[in-house]
Amino acid sequence: MGLAKHKRLLLGVFLAFTPIAAICQSAEYTEIIEQRQALYREIGTAVKAIRDETRKSAPMNFVIKSSVKRIASGLREVQPMFPEGSGPEAGIETKALESIWKNKAEFESRYTKAIEQADKLVLVAKQKDMKKTRAQLKSLGRECKGCHDKFRFDE
Amino acid sequence: MNQVRKIWDAPTRLVHWALVVLIPFSWWTHDDHMDWHLMSGYAVLGLLIFRLLWGFVGSTTARFTHFVRAPGEVLGYLPSLLTRERSQFTGHNPLGGWSSLVLLFALLSQLVSGLFAVDVDGLESGPLSYRVDFDLARQFANWHETSFIVLQVLIVVHIAAVLFYLVYKRSNLIRSMITGSGISNDAQPITFASWWRIGCVTIVAVFVAWWVAAGFQL
């Protein structure tokens, strides 16, 4: 009788901790998923800022300068933030598709290409030629889109 | 006394059918042809500005004062929907008038939200999005999407109503909107706007649409 009670207690403790363990596990991914989403938002903000400035009659170069740098550094920060398990299976809202981990080599090579284009944008922007800046932003945009089409959930 | 007479002027009909072409075109181009989507949007903007102005200075049947009626009149009109008799109104009936107004408003919401919207990557944006930050522009984009669902529903209701009038009430509203003529059983006078008035309003509409498309920067 006493033993059975003991077992029941153990079972109770075990059951109580199971969801906590699961929550802890997903919390680990929650953080990284939220971090990369925040970084992408920053990159999006920087892309928009460049587009906005290049269209103005009197573009503010300091905005473009800081934005192009933010894109290049932001992409570098996000690239390593796709650990196995942080995809749809994490159970947290993310647009990252499973195909990222199925084709990791392609994902990485596309990412590297995007970073190359972002670095080129930093150089081009230094010339303060809005036409060239816009054209290079477009080239970067094509890399972004190519990757998104393959590895991001399309609503 | 039923008689065939001219009801709708050319500009009103032209705006209507141009929208019939451009709204599906905008829908089709929104995914992969953003340049065309924007051009189409500017054209719709010009058409809407024209139509709104036309609601104040256009021909009789195009004017808001002519077709926007009191709620009591709309309620009074409802029972006649069940009868197969022809409508007693020249131009929009009281319910149709409100339906036009709601459609115009939905289109306005669609346009305004699109002007300020930006896509999730910051790569594509409306001409006025530079006036708001990324997060707000994203909210405008969400509004643009929701607004389109509402617009689609309203268009389906509009088409269903036109078919109801065609089949049940034996009143061909489609032909009237093409030819401008329809059967009317009242002698209410209709004044049609002159060509110079059409020209003036067109110039204003094109100029304002162009100014907005240029992001208020001339």
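This structure is a prediction, so every number in the text was calculated from the model and none was measured.

Enquirer: Sorry, what's going on with the overall build of chain A here?
Expert: Scanning chain A from N- to C-terminus turns up 5 helices and 0 strands. Written out in order from the N terminus, the α and β elements of chain A read α-α-α-α-α. With 155 residues in all, chain A has 28% of them scored as buried. In chain A, the proportion of contacts linking residues at least 24 apart, taken out of those at least 6 apart, comes to 69%.

Enquirer: Explanation requested: the pairing of strand β2 (residues 181–184) of chain B in the structure shown.
Expert: Strand residues, when the strand is regular, have side chains that alternate between the two faces of the sheet. Residue and element names in this part refer to chain B. Here β2 shows one buried face, formed by G182 and S184, and one open face, formed by S181 and I183. Pairing of strand β1 (residues 3–6) with β2 involves 4 bridges; the strand directions are antiparallel. Across the sheet, the residue bridging to Q3 is S184, located in β2.

Enquirer: Is there a simple way to think about the nonpolar core in this case?
Expert: It is characteristic of soluble globular proteins that their nonpolar side chains tend to be buried jointly. Grouped together as the largest cluster of nonpolar side chains are 28 residues, with contacts concentrated most on A:I71, A:L75, A:A118 and A:L121. Those elements that provide at least two residues to this core are α1 (2–55), α2 (61–78), α4 (104–125) and α5 (130–151) of chain A. Per-element tally for this core: the top contributor is α4(A), with 8 residues. Among residues more than four places away in sequence, those in contact with A:L75 are A:I43, A:A114, A:I115 and A:A118. If you look at the next biggest cluster of nonpolar residues, it comprises 23 residues, including B:W54, B:L107, B:F140 and B:V201.

Enquirer: Mind showing me how you'd approach helix α2 (residues 34–57) of chain B here?
Expert: Along an α-helix, residues three or four positions apart point the same way, because every turn accommodates 3.6 residues. End to end, α2(B) covers 34 Å across 24 residues, agreeing with the expected 34 Å (1.5 Å per residue, within 8%). Next to the buried residues of α2(B) lie α1 (10–29), α5 (94–116) and α8 (195–213) of chain B.

Enquirer: Any chance you could explain the confidence of the model for chain A here in plain terms?
Expert: Should the pLDDT be low somewhere, the predicted coordinates at that spot are not to be read in detail. Here chain A shows a mean pLDDT of 86. Residues at 70 or above account for 83%. Within chain A, the lowest mean pLDDT, 76, falls on α1(A), and the highest, 95, falls on α2(A).

Enquirer: Looking at this model, I keep getting lost on the environment of A:Q79. Mind explaining?
Expert: Residues and elements named next belong to chain A. Tracing the backbone through its elements, the reader meets Q79 in the loop between α2 and α3 (99–102). We classify Q79 as partly exposed; it has 15 C-beta atoms within 10 Å. With 12 residues separating them in the primary sequence, Q79 and G91 have C-alpha atoms 21 Å apart.

Enquirer: Looking at this structure, how should I read unusual backbone geometry?
Expert: Leaving glycine out, the prevailing phi sign among residues is negative, and the prevailing peptide bond configuration is trans. Located in the positive-phi region is A:K128, a residue other than glycine, with phi close to 55°. Tracing the chain through its elements places A:K128 in the loop between α4 and α5. With a phi angle near 50°, B:R170 is a residue other than glycine that sits in the positive phi range. Looking at the secondary structure, you find B:R170 in the loop between α6 (134–167) and α7 (173–179). Among the residues examined, B:R170 registers 11 C-beta atoms within 10 Å and is labelled exposed.

What counts and how
- Residues numbered from 1 in each chain as written.
- Chains lettered and ligands numbered in written order.
- Predicted model: local features only at pLDDT ≥ 70, side-chain atom pairs only at ≥ 80, totals over all residues.
- Helix = DSSP H or I, 4+ residues; strand = E, 2+ residues; numbered from the N terminus.
- Buried ≥ 20, exposed ≤ 12 C-beta atoms within 10 Å, placed from the backbone.
- Contact = placed C-beta atoms within 7 Å.
- Pairing = 2+ DSSP bridges.
- Core = buried A, V, L, I, M, F, W, Y, C linked by C-beta atoms within 7 Å.
- Expected span 1.5 Å × (residues − 1).
- pLDDT = per-residue confidence, 0-100.

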